[in-house]
Amino acid sequence: MVARRLSALSLLLGSAGAAVVSLQLTHKPKTLSEIKRASQRRAEIGQRFAASLSADGIPSVSLTDVEDAEYYGEVDIGTPAQKFSVIYDTGSSNLWVPSKKCTNCKPRGGHYDASASKSTAANGKSFTLQYGTGNCQGFLTNDNIQLGGLSVENFTFGEVTTEAKDVFGQAPFDGILGMGPPAAAVDQTPMPMDMLVKQGKIQHNIFAFYLASGGKKGSTLTLGGTDSQFHTGDFHYVPVSVGAHLLPYWLVTAGDIKIGGKSSGACYPFLGCQMVVDTGTSVFAGPPSAMNKVIAEIGNVSADCSNAASLPTITLTMGGKDFELGPEFYVLRGKDDSGKEQCALGLEAVNAGVPIWILGDPFLRKYYTVWDSEQNRVGFALAKQPGQAGLLVI
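Residues numbered from 1 in each chain as written. Predicted model: local features only at pLDDT ≥ 70, side-chain atom pairs only at ≥ 80, totals over all residues. Heavy atoms only, no water.

**Points about the UniProt feature "active site" (unreviewed entry) in the protein chain**
Mapped onto this numbering, the UniProt entry annotates "active site" (unreviewed entry) at D89 and D278. With the annotated positions falling across 190 residues, the maximum pairwise C-alpha distance of 7.1 Å places them together in a single cluster. Position of D89 among the secondary structure elements: in strand β5 (residues 82–89). When its relative accessible area of 0% is taken as the criterion, D89 is described as buried. Of the polar contacts made by the side chain of D89, one reaches the backbone nitrogen of G91; its length is 2.9 Å. Among all residues touching D278, those that are not within four sequence positions of it are D89, T90, G91, I358, L359, G360, D361 and L364. Looking at D278, its side chain comes within polar contact range of the main-chain nitrogen of G91, at 3.3 Å. (UniProt positions renumbered as here; feature names shortened; annotations may be inferred. Helix = DSSP H or I, 4+ residues; strand = E, 2+ residues; numbered from the N terminus. Buried < 20%, exposed > 50% of the residue type's maximum accessible area, 1.4 Å probe, protein only. Polar contact = N/O pair within 3.5 Å; in protein donor to acceptor, adjacent residues only side chain to side chain. Contact = heavy atoms within 4.5 Å.)

What follows is the structure, encoded as structure tokens:
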């Protein structure tokens, strides 16, 4: 289902530590009705997130909407390998898959069977993961996992035995592999990237996402560094915000959001706009009082897409650099029940109880993005688009 691409260099280096390894992702764009349902869920998620904030401002519910993600990849667990389709999600920090012992998981897809693996080791500790749209429960297990052909020995992950059926029952994936900060991991389970470096499988705790648009092939997660075929020009890095000490996300600061070259006034003078860089969110979202200013400046998007090309450019200022985002990226296109393409604005106001923004897929499709744990920063470079010279699509 998901092809793997290992460079010859990676194969030669083997256990000495591969330079960079890539694994292919599948993109499943939403239909118009799915876009509308995701919008309704975000309002509910914001309310639950806000309600979960403790006195010190730390939430107990993840912002992740598991039904919103559009990009999936493969992970193998056990010996011999049992294959699972998972969301590689920078907005959460745990790996879980359905267990063979699950009482209400959907029958199709993968179900981890510990008795079929020669490398499994019982952990037994129970866990519960709270997402904005529902939760899943089970117990922790240790086994070998493989990402892009790289093996992590004795990795701790969750076997789900009960899940919110209305949330996960129709999902086109089996589980989630979180790539958020370690501080967000439930039960302090280790992070895959940390373990890959610790076990000498890659040299650097750095990963990057290239997200193709419109269901086209080529979406890729790169482990250990970046791949020059996916971008033009240099990366511009933005440090992780100090706010990440309270909200454990890949959080960066935008100093301004401009519409058509004019400041929207949406960001605070000194604090700016605090943005979660999240592969698991299909829109650009922000607090209502600020995002509504941005939406008002953009204007209405015609459902028939007739004015999409004439809408203004959004510019985010981060780390002293302007990043432009045109309507070809922030206007969402989905087919209605008759198969006709319709347009909707890919910006949304979400009240999460704290003034955080979510920099989701519309921005990440325009900019090839790297998450650098070694220097605690996120980098952006202009992504090559399908058909552009030098871009290899497998």
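**Details of the pairing of strand β21 (residues 341–345)**
Where strand β20 (residues 331–335) lies against β21, 5 bridges are found, and the strand directions are antiparallel. Counterpart to K335 in the pairing with β21 is E341. (Pairing = 2+ DSSP bridges.)

**Looking at the pattern of salt bridges**
Under the definition given, this model contains 7 salt bridges. When the shortest N-O distance is used, the salt bridge between D322 and K258 registers 3.3 Å. Separated by 64 residues along the polypeptide, D322 in strand β19 (residues 321–325) and K258 in strand β14 (residues 251–259) bring together distant segments of the chain. On the basis of relative accessible area, K258 is assigned to the buried category, the value being 17%. (Salt bridge = Lys/Arg side-chain N within 4 Å of Asp/Glu carboxyl O.)

**Digging into the state of the cysteines**
Applying the stated criterion to the full structure yields 3 disulfides. Across a sulfur-sulfur distance of 2.0 Å, C102 and C105 are joined as a disulfide pair. When the S-S torsion is 80°, as for the bridge of C102 with C105, the disulfide is right-handed. With a sulfur-sulfur separation of 2.1 Å, C305 is cross-linked through a disulfide to C343. Handedness here is read from the sign of the S-S torsion; for C305 and C343, about 105°, the answer is right-handed. Pair noted here: C305 is in the loop between α5 (288–298) and β18 (314–318) and C343 is in strand β21, with a separation of 38 residues, a long-range link. Within the protein chain, bonded cysteines paired by disulfides and numbered along the sequence follow the pattern 1-2, 3-4, 5-6. The closest cysteine sulfur to the non-disulfide-bonded C136 is located on C105, 8.7 Å from its own sulfur. (Disulfide = S-S within 2.5 Å.)

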